[in-house]
Amino acid sequence: MIEGDDLDLFERSLEHATASHTGPALDAALEDLGWHDALAADERAAVSRLFALQGTANVTSSALDDVLAHALDRDRHAVVLPAIGRWTAPAALDRGRLTVDGLATASVRTRAVAVVVARVDETHSLFEFDITTLRRRSIDGVDPSLALVAVEGEIDGGTEIGPVDWPSAVALGQLALGHELVGASRRMLDLAREHALDRIQFGQPIAMFQAVRHRLADTLVAIEAADAALEAAWLDRASVSAAMAKAMAGRAARTACRHCQQVLAGIGFTTEHPFHRYVRRILVLEQLLGAPRSLTRELGDEVLTTRLLPALVPL
């Protein structure tokens, strides 16, 4: 476990790295800081700190790739992620041939070996393969700076590593994305609050107006609720808790987008203001490894089918 002064130093180092670098430069900085070693030693500290800071600074890295690779016990491999909106295994196995349809981070351009998970009967199995055998296409879309890559195609001759716990790997990725959504939401709230204090109307800051205060307060409540759900999911370490926390973080981010845009008004629509970059990022992040509506619908269906509620997290 990373605790006390070591944790403070670790967090300050990550804050400096995310404030100064993005993309491959941030990957290199994380390597120098020993973030991968920290991930092996203390998942919660490594994941929660880095991804929250990534969200705050609106930067990118291959860390999500590394989180899933770590969960699958294949460190330093590129990992094929599920397609947008999905959290099921991104590959299907049919007569020894793998059909892949998923996403990857920018790491697929620099790492020769990749892994993908396929559902085999009632379990999941991990396969290792040469990434150049798949078609790769950069995703521009809403947030091209996220540098996601669509990967698809069929694989002959992939090496089967063996069974893996895919739900646990997805859960760890959902927690990472949840922290990044919360970090981005907090930064949007800061931007709106600063604007409300500086913008003068009728001789006083708009922060004095009740309607503005209500929007900012509602945003803060949504963010804190999502953060509390993430903390509970770390304690519980159950897949359903991680999915619920990811869904709450996505809903909180949407709330922050809506209310903070109203507070920022016209300036929030301009490319000169940083707010639009956070909105773009959130629109993509909330869809990765399951959109909020899909995750909550899945949970509801499971409750109706089993007639059982998820276990309460001990306080």
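Rules of the game
Residues numbered from 1 in each chain as written. Predicted model: local features only at pLDDT ≥ 70, side-chain atom pairs only at ≥ 80, totals over all residues. Heavy atoms only, no water. Helix = DSSP H or I, 4+ residues; strand = E, 2+ residues; numbered from the N terminus. Contact = heavy atoms within 4.5 Å. Axes fitted to C-alpha atoms, helices over the stretch in contact; angles between N-to-C directions. Parallel < 35°, antiparallel > 145°, perpendicular 65-115°, else oblique. Left-handed = near helix turned anticlockwise from the far one by under 90°. Nonpolar A, V, L, I, M, F, W, Y, C, P; charged D, E, K, R; others polar. Buried < 20%, exposed > 50% of the residue type's maximum accessible area, 1.4 Å probe, protein only. Salt bridge = Lys/Arg side-chain N within 4 Å of Asp/Glu carboxyl O. Disulfide = S-S within 2.5 Å.

1. Side note on the side chain of T105
Inference 1: Tracing the backbone through its elements, the reader meets T105 in the loop between β4 (97-104) and β5 (113-120).
Inference 2: Discounting chain neighbours no more than four positions away, the residues touching T105 are S62, D65, L81, A147 and V149.

2. Some thoughts on the packing of helix α4 (residues 43-57) against helix α7 (residues 210-236)
Any two packed helices are characterised by the angle at which their axes cross and by the distance between the axes.
Inference 1: Taken N-terminus to C-terminus, the directions of α4 and α7 make an angle of 160°; their axes are 12 Å apart at the nearest point. Considering the angle they form, α4 stands roughly antiparallel to α7. In this structure, the crossing between α4 and α7 has a hand that is right-handed. Two secondary-structure elements touch here, α4 through E43, R44, V47 and S48 and α7 through E231, W234 and L235.
Inference 2: Tallied by class, residues from the contact of α4 with α7 come to 3 nonpolar, 1 polar and 3 charged.

3. Thoughts on the environment of L230
Inference 1: Within the fold, L230 resides in helix α7.
Inference 2: Of the residues examined, L230 reaches a relative accessible area of 0% and is grouped as buried.
Inference 3: Considered as a pair, L230 and V284 are 54 residues apart in the sequence and their alpha carbons are 19 Å apart.
Inference 4: For L230, the residues in contact, after removing those within four places along its chain, are L175, G178, H179, V182 and A245.

4. A look at the pattern of salt bridges
Inference 1: Evaluated as defined, the whole model comprises 16 salt bridges.
Inference 2: Close ionic contact of E128 with R74 constitutes a salt bridge, the shortest N to O distance being 3.7 Å. Remark: R74 occurs in the loop between α5 (63-71) and β1 (78-79) and E128 occurs in strand β6 (residues 123-130); sequence separation between them is 54 residues.
Inference 3: Of the residues examined, E128 reaches a relative accessible area of 23% and is grouped as partly exposed.
Inference 4: With a shortest N-O distance of 3.8 Å, R86 and D101 are connected by a salt bridge. Here R86 is found in the loop between β2 (81-82) and β3 (91-94), whereas its partner D101 is found in strand β4, with 15 residues between them in sequence.
Inference 5: Among the charged side chains, a salt-bridge network with shared partners connects D65, D66 and R111.

5. A few points about the state of the cysteines
Inference 1: Evaluated as defined, the whole model comprises 0 disulfides.
Inference 2: Of all cysteine sulfurs, the one in C257 lies closest to C260, which takes part in no disulfide; the gap is 7.9 Å.
Inference 3: By relative accessible area, C260 is classed as buried at 0%.

6. Quick notes on the packing of α5 against helix α6 (residues 166-198)
Inference 1: Where α5 meets α6, the axes come as close as 9 Å, and the angle between the chain directions of the two elements is 150°. On the basis of the axis angle, α5 is roughly antiparallel to α6. Both α5 and α6 take part in a crossing whose hand is right-handed. Within the contact between the two elements, α5 uses L64, V67, L68, H70 and A71 and α6 uses W166, A169, L172, G173 and L177.

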